[in-house]
Amino acid sequence: MQLSNEEEDYNLSLSKFESMLKTNKVLFFDSEEFEEIILHYLDMGKAALAKKALKLALEQHPKSTGLKLVQVEMLVYDDKLELAEKLLNELYAIEPTNEEIYIQKANICSKRDQHEKAVEMLKIALQYTDDYADVYNLIGMEYLFMDNLEMAKESFIKCLEEDLEDQSALYNVVYCFEFLDQNQEAITYLNKYIDKNPYSEIAWHQLGRLHYGVKEYENAIRAFDYATLIDDEFLGAFMEKAKAYERLKKYAEAIESYSRTIELDDATSYALLRMGKCYEKLGNKVLALKYFNQTVHEDPLLDKGWIAITDFYVRQKNYQKALFYVNKALAIDNQNRLYWKRFATINKQMNFFEEAEFGYRKAVEFGDYGLDTWLFWVDILQFLGEFESAIQTLLQASEYFPEENEVEYRLAGLYFMIGQNTKAKFHLSNALRLNFDNYILLEDLFPVVWTKKMVQNYIAKHKK
């Protein structure tokens, strides 16, 4: 690739400066060369070299406004705001129409969290600048700092009107639309932007993301297709397209897009996991398991990978293997209520009731307050003969489900089991009031209680 004359000159200046540092010979550079050298080192994070270059530059060009403005930038970078402000005031007295002075004043105000004042300075800079896009971008950032997303959005739109290719402004304007929950407006804006700049893969990608966000998956795929046509190595667009295909249950197409991401870069555990799930949806169990195994090989600490294998084996009713893999997931995240519920369910299927009880207890402990979890847990406690614990658990559950007949029938049954007939009748009365026809639960769960004449009479009395 051939370099432009400007790039060649720039590289030559840099080489010449670094050679001068090595030989300790003082060579002459014009002020613009020095500015480029200093900014290069700042961009590279080499502050010490930038300062050395600035010192030499000011010795050779003590009256250069451009170099003094670079000095201000470095002072601001080092948080020496008062010195920077003093120097700016001196420069303002000499060149009051230099837009960079106002930009640096704004920079100082921003550092002091005086964002409204920073915007005022930048608006003055607009009167003198030729680079409107840059100033509008800076104004937009100040509004972001103030959480004024509406004004920030307007500023980034103005920036893009001046410079269609400003990618950071494009990302920022979409961010503002999304934050303001204006997804449809963002889609309208991006369609207009694309009319002016049809080969912007970033715009097509963002448009696809927005369509996906409002569940317009066909439109999302169309947008991602354009993004990948413009840039056939746009990994993010292939990944998003695959997700949209999954939503449409087009699993073969999703696999193709996920595969493309793996061709473009090292396989990610996420892509491998999704491919496994797609193959499982297509009924290809062999390839599904292959990709699930590749997922955990790629990232052994990805608990979702181990859970995918767990669920695969649960669906195959191979509970022995499922138990092995759910334990792998719990070893990574032992506070995940969903994993504990799986652990409990698998153990229950294997008739390991004490382990199942432990699993349901942990699931609730970590925030699973679903009715089925409470009931599964209680039924196992009852099976284990732990009637008092079962009652205490149901009383906890009743705080979340105060009018639930399944809770009340179980409380009635358990109180009858331990001989507390008054409490039993109270809860049976509640249960029959809430759902009379569900009294069959007593027969299913408490056959000993069901045969009691007192219970039969009580139910008959409540029968309408």
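Residues numbered from 1 in each chain as written. Predicted model: local features only at pLDDT ≥ 70, side-chain atom pairs only at ≥ 80, totals over all residues. Heavy atoms only, no water.

A.B. asks: If you had to explain the overall build of the protein to someone new, which residues and values would you point to?
C.D. replies: Looking only at helices and strands, one finds 28 helices and 0 strands in the protein. Here the protein holds 464 residues, and 45% of them are scored as buried. Of the contacts formed within the protein by residues at least 6 apart in sequence, a portion of 48% connects residues at least 24 apart. Accessible surface for the protein amounts to roughly 25,100 Å². Of this, 49% is attributable to carbon and sulfur atoms. (Helix = DSSP H or I, 4+ residues; strand = E, 2+ residues; numbered from the N terminus. Buried < 20%, exposed > 50% of the residue type's maximum accessible area, 1.4 Å probe, protein only. Contact = heavy atoms within 4.5 Å. Areas by Shrake-Rupley, 256 points an atom, 1.4 Å probe, with all protein chains shown as cover.)

A.B. asks: For the layout of surface pockets, give the residues involved together with the corresponding values.
C.D. replies: As a volume, the largest pocket reaches approximately 260 Å³. For the lining of the largest pocket, the secondary structure elements donating two or more residues are α6 (99–111) and α8 (132–145). Of all the elements, α6 adds the most residues to the lining of the largest pocket, at 6 residues. Residues of the lining of the largest pocket, tallied by class, amount to 5 nonpolar, 3 polar and 3 charged. The computed volume of the second largest pocket comes to approximately 220 Å³. As for the second largest pocket, its lining consists of Tyr270, Leu273, Arg274, Lys277, Lys304, Ile307, Ala308, Asp311, Asn336, Leu338, Tyr339 and Arg342. Only α16 (269–281), α18 (303–315) and α20 (337–349) provide two or more residues apiece to the lining of the second largest pocket. (1 Å grid on protein atoms, 1.4 Å probe; cavity = no way out; pocket = protein on both sides within 12 Å on 5 of 7 lines; lining within 4 Å. Points joined across faces, edges and corners; volume = space filled by probe spheres on them. Nonpolar A, V, L, I, M, F, W, Y, C, P; charged D, E, K, R; others polar.)

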